[in-house]
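# Examining the three-dimensional arrangement
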Amino acid sequence: MNQPLMVTAAQKAGPTVTTLVGGLVLLVLLALPLLSLLPADSPFQVSAYTLTLVGKILCYAIVALALDLVWGYAGRLSLGHGLFFALGGYAMGMYLMRQASGDELPAFMTFLSWTELPWYWVGTQHFWWAMCLVVLAPGLLALVFGFFAFRSRIKGVYFSIMTQALTFAGMLLFFRNETGFGGNNGFTNFRSILGFGITEPGTRAALFFATVLLLVVSLFLGWKLARSKFGRVLTALRDAENRLMFCGYDPRGFKLFVWVLSAVLCGLAGALYVPQVGIINPGEMSPTNSIEAAVWVALGGRGTLIGPLLGAGVVNGMKSWFTVAFPEYWLFFLGALFIIVTLYLPKGVIGLLKKKADQ
Amino acid sequence: MLEPILDPNKDAGSSRDAISFGQRVEPGLNTRHGTILTLEDISVSFDGFKALNNLNLYIGVGELRCIIGPNGAGKTTMMDVITGKTRPSEGQAWFGETLDLRQMSEVQIAQAGIGRKFQKPTVFEALSVFENLELAQKTDKSVWASLRATLSGEQKDRIGEVLHTIRLSGSAHRPAGLLSHGQKQFLEIGMLLVQDPQLLLLDEPVAGMTDAETEFTAELFKSLAGKHSLMVVEHDMGFVGSIADHVTVLHQGSVLAEGSLEQVQADERVIEVYLGR
Ligand SMILES: Nc1ncnc2c1ncn2[C@@H]1O[C@H](COP(=O)(O)OP(=O)(O)O)[C@@H](O)[C@H]1O
Ligand SMILES: [Mg+2]
């Protein structure tokens, strides 16, 4: 019976504390890209490595938030959100590849001795069209999948398995060279975006800003949704779908709306992720990636807005430390973390903080 | 799929499948012959077992009908058929004169004006009592409307009124999951009241209520009859006696007897299968 609103969770701790911490975090996030522009010998300079790492984690945080909208609020656990993220990333990658190759075909196509672009690459040299694809590719796939899944009232673990199968199928498809997305190497060696060098400090800082902006907008959207009657209908359908139908609501439309919205947010996050890390390959669609996203949400606290962000931050922060210190133990640690959260922290870290604040 | 299933204004009465939807077009419900619900020769079988067997039942407009019958008689199954949860293998089910319930989805049936209280009280536990009523309240229930919905003063007043009626004013902002069993029963009844359906189906509404609560519920139902039509399934004979002018006894999936409570209580067959136990 978790309260649907993070707001209510935070009210206990005092709204001022939450606003204060939130404001502080936002301030730091806005300062980071500016500090990265300082000369390298300045003691306050933030390295490109740090900026990229934090930017990457912010993208993951958006995915976690998007996943929580369908899992925490609407009660449908997706284990395939990595697919939507990767599709957004690939759409952006297509533009970056075209930028890098100029009038020529992208290098990997030349290797395959293709002489012309496949039809779905048409127009990808235009940034605006690539941005449309970033939204359309995950959005339409989610729409079609969701339409059939929700129409046949697939739920619970069956829904999760189907989403997992979907991302797995996507990965196998993108592994093939013939699919036209660079096979298992994917896209890399980007040069520029909108004419700016992709590794320029200024470009990095701008991409980072854009990511912070997307995160803030997603958070605002989620907050608006959770506070609206729509959000309450989602909670109702998570807990008692039959009752809701007998109240005269058609649950399908509600599920579909939040599902597509969630997929599009993931796609946008993926589109910002790719130019920052400089690579996209089918590995992003691997089932484990999507499962990891579910761990972030569970750890942070589902059904809240701040929980998933916290979870994504904490787990990925630990991951980047672990993979340097004890790379071979990360997956064991992740598994252990998941078990501990499931057994002892059903409401995640946010639930724990809330309990502390209540005492 | 994001629009309402049918536009009540556009599609009203255009064909049998595109029925006069939406709770707002009550005048669209055709009850010319004074019958709000017609069940004829309804049969339902589960793996060969006949839960309903050639059931015939008519409910008049404004009537308060009690359905009694031993456990397993098919009372809940009958409500499932009326609300579209279970499809009959045979027979006819009409709401008013023109709405074929067999062709309609659960949501369409609810929107057309049939409200239901489940045998096991089901409310939205994570939401507050007030929010439960807000969701149930009669209004446009499409996705777009829900995204923009704000409660008008009139709607708030109505919810306040119902909160008062079901005696939950003091718990308006408590999560519904924290209510007692009896309070949940009342909340679910309250949800039906704000939904304002023409036909109310109530499956064992006083189970788990104290005597005082039961008495109060009886008063409430009696005050609803006339404006609404009610079908109440109940085991509690005292309760049935206090509300119903007309009682139907169900047994093994069909109607065994019908009449006033005295009449059915005097019926030999009824005594045998039910009352005389
Ligand atoms: N989904 C189902 N599958 C199989 N049998 C069912 C199902 N639902 C009800 N039944 C059976 O149908 C009969 C009527 O059940 P029900 O309508 O719940 O009775 P009542 O509400 O009068 O106690 C019972 O014997 C019950 O076991
Ligand atoms: Mg029953």
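Residues numbered from 1 in each chain as written. Chains lettered and ligands numbered in written order. Predicted model: local features only at pLDDT ≥ 70, side-chain atom pairs only at ≥ 80, totals over all residues. Heavy atoms only, no water.

## Observations concerning the overall build of chain A
When helices and strands are counted, chain A shows 15 helices and four strands. Relative to the 2.2 N^0.38 estimate, which gives 21 Å for 359 residues, the radius of gyration of chain A is 21 Å and therefore close to what a compact globule would have. By its C-alpha atoms, chain A is 60 × 55 × 40 Å across when sized along the principal axes. Put simply, chain A has 359 residues, and 53% of those count as buried. Pairs at least 24 apart in sequence give 78% of the contacts found in chain A among residues at least 6 apart. Of the roughly 16,300 Å² of accessible surface on chain A, a fraction of 70% belongs to carbon and sulfur atoms. (Helix = DSSP H or I, 4+ residues; strand = E, 2+ residues; numbered from the N terminus. Rg over C-alpha atoms; globule rule 2.2 N^0.38 Å. Buried < 20%, exposed > 50% of the residue type's maximum accessible area, 1.4 Å probe, protein only. Contact = heavy atoms within 4.5 Å. Areas by Shrake-Rupley, 256 points an atom, 1.4 Å probe, with all protein chains shown as cover.)

## What about the coordination of the magnesium ion (ligand 2)?
Residues and elements named next belong to chain B. Distances from the magnesium ion (ligand 2) to its protein donors, Thr76 (OG1) and Gln119 (OE1), fall within 2.1 to 2.4 Å. Linking Thr76 in helix α2 (residues 75–82) with Gln119 in the loop between β6 (114–117) and α4 (129–136), this pair joins segments that are 43 residues apart in sequence. Overall, the relative accessible area of 28% leaves Thr76 in the partly exposed class. On the basis of relative accessibility, which here comes to 35%, the residue Gln119 falls in the partly exposed class. (Donors = N, O, S within 2.8 Å, 3.2 Å for Na, K, Ca; no water.)

## Here we look at the interface of chain B and chain A
Contacts between chain B and chain A engage 36 residues on the former and 31 residues on the latter. Across the interface of chain B and chain A, roughly 2,900 Å² is buried in total on both sides, 69% from carbon and sulfur atoms. When the buried surface of chain B facing chain A is broken down by residue, Phe124, Ala126 and Leu135 of chain B rank first, second and third, together holding 20% of it. Linking chain B with chain A are three salt bridges. The salt bridge partner of Arg232 of chain A is Glu134 of chain B, with a shortest N-O separation of 2.8 Å. Along the contact surface separating chain B from chain A lie 10 residue pairs in polar contact (both at pLDDT 80 or more). Of all the secondary-structure elements, those providing two or more residues to the side of chain B that touches chain A are α3 (106–112), α4, α5 (143–148) and α7 (181–195) of chain B. Counted by class, the side of chain B that touches chain A contains 19 nonpolar, eight polar and nine charged residues. (Buried area = accessible area lost by both parts, 1.4 Å probe. Salt bridge = Lys/Arg side-chain N within 4 Å of Asp/Glu carboxyl O. Polar contact = N/O pair within 3.5 Å; in protein donor to acceptor, adjacent residues only side chain to side chain. Nonpolar A, V, L, I, M, F, W, Y, C, P; charged D, E, K, R; others polar.)

## Some details on the confidence of the model for chain B
All names here are of chain B. Residues with a pLDDT of 70 or more make up 88% of chain B, whose mean pLDDT is 85. No element of chain B has a lower mean pLDDT than helix α1 (residues 8–11), which averages 41, and none a higher one than α4, which averages 96. Here residues 1–26 is modelled with pLDDT under 50, and outside its nearest four sequence neighbours on either side it reaches 52 contacts, counting other chains as well. (pLDDT = per-residue confidence, 0-100.)

## Details of the nonpolar core
With 152 residues, the main nonpolar core has Phe187 and Trp259 of chain A together with Phe124, Leu187, Phe221, Val232 and Ile243 of chain B as its most contacted residues. The biggest single contributor to this core is helix α11 (residues 251–277) of chain A, with 16 residues. In contact with Phe221 of chain B, other than residues within four places in its own chain, are Leu64, Ile189, Leu202, Pro205, Leu230, Val232, Phe239 and Ile243 of chain B. Leu37, Ile42, Met78 and Ala112 of chain B belong to the second-largest nonpolar core, a separate cluster that totals 29 residues. (Core = buried A, V, L, I, M, F, W, Y, C linked by side-chain atoms within 4.5 Å.)

## What to know about the packing of aromatic side chains
For the structure shown, the criterion picks out 38 aromatic pairs over all chains. Relative to Phe85 of chain A, the ring of Tyr60 of chain A lies with its centre 6.1 Å away and its plane at 40°, an arrangement referred to as tilted. One end of the pair, Tyr60 of chain A, is in helix α3 (residues 48–73); the other, Phe85 of chain A, is in helix α4 (residues 81–101), with 25 residues separating them in the sequence. Summarising the burial analysis for this pair, Tyr60 of chain A and Phe85 of chain A share the class buried. Each residue in the set Tyr90, Phe108, Trp119, Tyr120, Trp121, Phe174, Phe181 and Phe187 of chain A is aromatic and connected to the rest through ring pairs, giving one cluster. Across from the ring centre of Phe216 of chain B, 3.7 Å away, lies the NZ or CZ of Arg167 of chain B, which sits over that ring. (Phe/Tyr/Trp six-rings, centres within 6.5 Å; stacked < 30°, edge-to-face > 60°. Lys NZ or Arg CZ within 6 Å of the ring centre and 35° of its normal.)

## As for the sheet that holds strand β4 (residues 90–95) of chain B
Residues and elements named next belong to chain B. One open sheet accounts for four strands, arranged β2-β1-β4-β5; its pairing is antiparallel. Since the sheet does not close on itself, it has two edges, and those belong to β2 (49–60) and β5 (99–100), each with one partner. Of the strand pairs in this sheet, strand β1 (residues 35–46) and β2 are connected by eight bridges, and their pairing is antiparallel. Among the inter-strand pairings, Ile42 is bridged to a residue of β2, identified as Leu55. Where α2 meets the sheet, it contacts β1 and β2, and its direction lies at approximately 115° from that of β1. (Pairing = 2+ DSSP bridges. Axes fitted to C-alpha atoms, helices over the stretch in contact; angles between N-to-C directions.)

## Overview of the site of ligand 1
Residue and element names in this part refer to chain B. What surrounds ligand 1 is the set Phe46, Phe49, Ala51, Asn71, Gly72, Ala73, Gly74, Lys75, Thr76 and Thr77. Between ligand 1 and Gly72 there is a distance of 2.8 Å, counted from an oxygen atom to a backbone nitrogen or oxygen. One nitrogen or oxygen atom from the main chain of Lys75 is found 2.8 Å from an oxygen atom belonging to ligand 1. Every element with two or more residues in the shell around ligand 1 is listed here: β2 and α2. Residue contributions to the shell around ligand 1 peak at three residues, all from α2. Taken together, the residues of the shell around ligand 1 break down into four nonpolar, five polar and one charged. (Near = heavy atom within 4 Å.)

## A look at a nonpolar patch on the surface
All names here are of chain A. A cluster of nonpolar side chains, contributed by Leu26, Leu30, Leu34, Leu37, Phe209 and Val216, occupies part of the molecular surface with about 470 Å² of accessible area. Mapped onto the nonpolar patch, the elements with two or more residues apiece are α2 (15–36) and α8 (201–227). At three residues, the largest contribution of residues to the nonpolar patch is made by α2. Inspection of the secondary structure puts Leu37 in the loop between α2 and α3. Taking relative accessible area as the criterion, Leu37 reaches 45% and is therefore assigned partly exposed. (Patch = residues over 30% accessible without salt bridge, like charges linked within 9 Å, V, L, I, M, F, W, Y side chains within 5 Å.)

## Description of the confidence of the model for chain A
Confidence along chain A averages 91 in pLDDT terms, with 96% of residues attaining 70 or more. Note that residues 1–11 of chain A has pLDDT below 50 and, in this model, 29 contacts with residues that lie over four places away or in other chains.

## Observations regarding the side chain of Glu134 of chain B
Note on placement: Glu134 of chain B falls in helix α4. For Glu134 of chain B, a relative accessible area of 7% translates into the label buried. A polar side-chain atom of Glu134 of chain B sits 2.8 Å from a polar atom in the side chain of Arg232 of chain A. Residue contacts for Glu134 of chain B: discarding those within four places in its chain leaves Lys229, Arg232 and Tyr249 of chain A together with Leu151 and Ile159 of chain B.

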